Amino acid sequence: MSVVTFRRSLMSALLGLAISGQALAATEIPFWHSMEGELGKEVDSLAQRFNQTHPDYKIVPTYKGNYEQSLAAGIAAVRSGKAPAVLQVYEVGTATMMASQAVVPVHQVFKEAGIPFDEKQFVPTVAGYYSDSKGQLISQPFNSSTPVLYYNKDAFKKAGLNPDQPPKTWQELATDAAALRKSGMSCGYASGWQGWIQIENFSAWHALPVATKNNGFDGLDAVLEFNKPVQVRHIGLLEAMNKKGDFTYFGRKDESTAKFYNGDCGITTASSGSLADIRHYAKFNFGVGMMPYDDTVPEAPQNALIGGASLWVMKGKDAATYKGVAEFMQFLAKPEIAAEWHQKTGYLPITTAAYELTKQQGFYDKNPGADIATRQMMNKPPLPFTKGMRLGNMPQIRTVIDEELESVWTGKQSPQNALDNAVKRGNALLRRFEQQVK
């Protein structure tokens, strides 16, 4: 072999190594989330499948604690210059994220990456929560949920109740919970996320606003108003159940779900996204029903508010990272992917196509109750104040609501005093947020 030929062969080999090295160096995209247990496994599975089909990118999912912890970690990371590319934030953190100046709107990410994106593919009541005043998405819906009612069919049968008939009203729920306790259960009824379920969704389900200015969508100067007679009467019903031992309070988060699937509680109201864990752990027959309504309120039921979270794109990344983020978000919105996520987790189908595909596949026929969350969202066209909430410092306001309601369950305050105090303290937080943003 001549020297020239040898040099050419060497250069060709080195070039090949360089190219293969570049191929191996996929762009890493850190994705911080709050999905644990069965939900965390599904997130990991989605990331792996995306990475296999998109070798130029590597989604790196990391569990960062519950929603509050994840949001705090994300904000701290922004300040230190070490933010992830994608951050999952719960719905009540939307106003905080919008005001943070730390995000790139999703519609802008797709536009700059040159990747087509149809914002109209998302279910309107879901997309509306995460859109700006022009209807453009600022974050991408991911895991959207509503509260639903889970009940133990075996326990219902033992208590002499109809196992195929969940309570439709709060009045029926009170009667059923008493019967379950009488049959020997230690807990008749429990609820997770009491602010989200017993105040926010209870209000929307009964066609009542949580705050003025259409729950804050129409201005930062919104004022809380969930201390009205219907809400006060509802907390009074729970207080009476609590005194009799028919309603048990276990904590501020999702503690009641474990108490339900362990067989301690006969009924719970919890996120539709809890379905994956309940399916996995419950050793009894269970059913799913709509949120109960107060049968003395003629407008009820109206429509549910979404919970869950969306995906936010953080500032300060390079073009390759943003292109990978856009590819990943496009992947998550594919009908077959979004339908699978919905079917496996209990979260809402975030796109109309995913809902239609799930119906075509016969999933709802084989899994009665799996469409409850979607039916609640579409029960009636949303009113201007039942589309969602856009209130600043809402995570802190939820903590205030928790504190005041806990004083009702311990007998230290009346329902009226507790809700009056929650509104007063919550309004102070709204004014603080208004001043900070201005």
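Structure: above.
Being a predicted model, the structure only gives us computed values, none of them experimental.

Q: I keep staring at the packing of aromatic side chains and nothing clicks. Help me out?
A: Note on aromatic pairs: each is described by the distance of the centres and the angle between the planes. With the rule as written, the count across this model stands at 21 aromatic pairs. With 5.5 Å between their ring centres and 65° between their planes, Phe50 and Phe331 make a pair best called edge-to-face. Of this pair, Phe50 sits in helix α2 (residues 37-53) while Phe331 sits in helix α14 (residues 319-332), and the two are 281 residues apart along the sequence. Taking the centre distance of 4.9 Å and the plane angle of 25° together, the rings of Tyr261 and Tyr281 count as stacked. Here Tyr261, found in helix α12 (residues 255-261), pairs with Tyr281, found in helix α13 (residues 275-281); they are 20 residues apart in sequence, far enough to count as distant. Residue class for Tyr261 comes out buried when judged on its relative accessible area of 18%. A cation sits over an aromatic face here: Lys64 above Trp32, 4.2 Å from the ring centre.

Q: Would you mind showing me how to read the state of the cysteines here?
A: In a disulfide, the sulfur atoms of two cysteines are held together by a covalent bond. Within the structure shown, the criterion is met by one disulfide. Sulfur-sulfur distance for the disulfide between Cys187 and Cys265 comes to 2.1 Å. Handedness here is read from the sign of the S-S torsion; for Cys187 and Cys265, about 100°, the answer is right-handed. Taken together, the positions of Cys187 in strand β7 (residues 187-191) and Cys265 in strand β9 (residues 265-271) put the pair 78 residues apart, joining distant regions of the chain. Each member of the pair Cys187 and Cys265 is classed as buried.

Q: I would appreciate a short explanation of the sheet that holds β9 in the present structure.
A: Within a sheet, each strand pairs with its neighbour through backbone hydrogen bonds, oriented either parallel or antiparallel. A sheet is described by the order of its strands in space; here five strands give the open sequence β8-β7-β9-β6-β10, paired in mixed fashion. Two strands in the sheet have a free side with no partner beyond their single neighbour: β8 (247-248) and β10 (286-289). When strand β6 (residues 147-152) meets β10, the two strands line up antiparallel, connected through four bridges. Considered in β10, the bridge of Tyr151 is made with Gly287. On the sheet, helix α9 (residues 194-205) packs against β6, β7 and β9 and is oriented at approximately 65° with respect to β9.

Q: Which parts of the structure should I look at to understand the packing of α2 against helix α15 (residues 335-345)?
A: When two helices pack together, their arrangement is given by the angle between the helix axes and the distance between those axes. The interhelical angle for the contact between α2 and α15, taken along N-to-C directions, is 160°, at an axis separation of 11 Å. Taken together, the axes of α2 and α15 lie roughly antiparallel to each other. Handedness of the α2/α15 crossing: right-handed. From α2, Leu39, Glu42, Val43, Leu46 and Arg49 reach across to α15, where they touch Ile337, Glu340, Trp341, Lys344 and Thr345.

Q: How do you make sense of the pattern of salt bridges when you look at a structure like this?
A: Pairing between side chains of opposite charge can happen when their charged atoms approach one another. Under the counting rule described, the total for this entry stands at 18 salt bridges. Taking the shortest distance from any N to any O, the salt bridge between Lys153 and Asp164 comes out at 3.6 Å. Taken together, the residues span a long stretch of sequence, with Lys153 in helix α7 (residues 153-158) and Asp164 in the loop between α7 and α8 (170-182) at a distance of 11 residues. Lys153 gets classed as partly exposed once you look at its relative accessible area, which sits at 23%. Judged by its relative accessible area of 59%, Asp164 falls in the exposed class. Ionic pairing is found between Glu340 and Lys344, a salt bridge with its closest N-O pair at 3.4 Å. One end of the pair, Glu340, and the other, Lys344, are both in helix α15, four residues apart, so they sit about a helical turn from each other. Salt bridges sharing partners connect three or more residues here, namely Glu42, Arg49, Glu340 and Lys344.

Q: Sorry if this is basic, but what is going on with the layout of surface pockets here?
A: Here the idea is plain: a probe the size of a water molecule rolls over the atoms and shows the empty space left. Approximately 580 Å³ is the volume attributed to the largest pocket. Residue lining of the largest pocket: 29 residues in total, with Glu36, Leu39, Tyr67, Trp193 and Asp254 positioned closest to the centre. Among the elements of the structure, α2, α12, α13 and β11 (307-314) are those that each provide at least two residues to the lining of the largest pocket. Here the lining of the largest pocket is composed, by residue class, of 11 nonpolar, 11 polar and seven charged. If you add up the space inside the second largest pocket, you get close to 490 Å³. Considering the residues around the second largest pocket, the lining is formed by 22 residues, among which Gly128, Ser131, Asp132, Phe217 and Lys387 are closest to the centre. In terms of residues, the lining of the second largest pocket owes the most to one element, helix α6 (residues 124-127), which gives three residues. Classifying every residue of the lining of the second largest pocket by side-chain character gives nine nonpolar, six polar and seven charged.

Q: Mind showing me how you'd approach empty space enclosed by the protein here?
A: Following the criterion strictly, the structure yields six cavities of 30 Å³ or more and no others. Along the walls of the largest cavity sit Glu68, Tyr90, Trp193, Gln194, Gly195, Trp196, Arg252, Lys253, Pro395, Arg398, Thr399 and Asp402, which together make up its complete lining. The element that contributes the greatest number of residues to the lining of the largest cavity is helix α19 (residues 394-409), accounting for four residues. Among the residues making up the lining of the largest cavity, the classes are represented as four nonpolar, three polar and five charged.

Q: So what exactly am I meant to see when it comes to the nonpolar core here?
A: As a rule of thumb, nonpolar side chains are buried together in soluble globular proteins. Counting 126 residues, the largest nonpolar core has Tyr189, Leu224 and Phe226 as its most contacted members. Residues in contact with Tyr189, not counting those within four places in the same chain, are Trp170, Leu173, Ala177, Gln198, Leu238, Met241, Asp246, Phe247, Thr248, Ile267, Thr268 and Thr269.

Q: For this particular structure, what's the right way to read the packing of α9 against α19?
A: Across the interface, α9 lies against α19 with an axial gap of 9 Å and an inter-helix angle of 90°. In terms of orientation, α9 and α19 fall into the roughly perpendicular class. Judged by residue contacts, Gln194, Gly195, Trp196, Ile199 and Glu200 of α9 engage Met394, Arg398, Ile401, Asp402, Leu405, Glu406 and Trp409 from α19. For the contact of α9 with α19, a count of residues per class yields six nonpolar, two polar and four charged.

Q: Is there a simple way to think about the pairing of β11 in this case?
A: In the case of a regular strand, side chains alternate between the two sheet surfaces. Counting buried residues along β11, eight of its eight residues qualify, which places the element largely inside the surrounding structure. Going residue by residue along β11, you find Gly307, Ala309, Leu311 and Val313 tucked away on one face and Gly308, Ser310, Trp312 and Met314 tucked away on the opposite face as well. Across five bridges, strand β3 (residues 86-90) lies against β11 in antiparallel orientation. Following the sheet pairing, Val86 is matched in β11 by Val313. Where strand β4 (residues 103-104) lies against β11, two bridges are found, and the strand directions are antiparallel. In the strand pairing of β11, Val103 is matched with Met314. In the sheet, strand β5 (residues 140-145) pairs with β11 via five bridges, with the strands oriented antiparallel.

What counts and what doesn't
Residues numbered from 1 in each chain as written. Predicted model: local features only at pLDDT ≥ 70, side-chain atom pairs only at ≥ 80, totals over all residues. Heavy atoms only, no water. Phe/Tyr/Trp six-rings, centres within 6.5 Å; stacked < 30°, edge-to-face > 60°. Helix = DSSP H or I, 4+ residues; strand = E, 2+ residues; numbered from the N terminus. Buried < 20%, exposed > 50% of the residue type's maximum accessible area, 1.4 Å probe, protein only. Lys NZ or Arg CZ within 6 Å of the ring centre and 35° of its normal. Disulfide = S-S within 2.5 Å. Pairing = 2+ DSSP bridges. Contact = heavy atoms within 4.5 Å. Axes fitted to C-alpha atoms, helices over the stretch in contact; angles between N-to-C directions. Parallel < 35°, antiparallel > 145°, perpendicular 65-115°, else oblique. Left-handed = near helix turned anticlockwise from the far one by under 90°. Salt bridge = Lys/Arg side-chain N within 4 Å of Asp/Glu carboxyl O. 1 Å grid on protein atoms, 1.4 Å probe; cavity = no way out; pocket = protein on both sides within 12 Å on 5 of 7 lines; lining within 4 Å. Points joined across faces, edges and corners; volume = space filled by probe spheres on them. Nonpolar A, V, L, I, M, F, W, Y, C, P; charged D, E, K, R; others polar. Core = buried A, V, L, I, M, F, W, Y, C linked by side-chain atoms within 4.5 Å.

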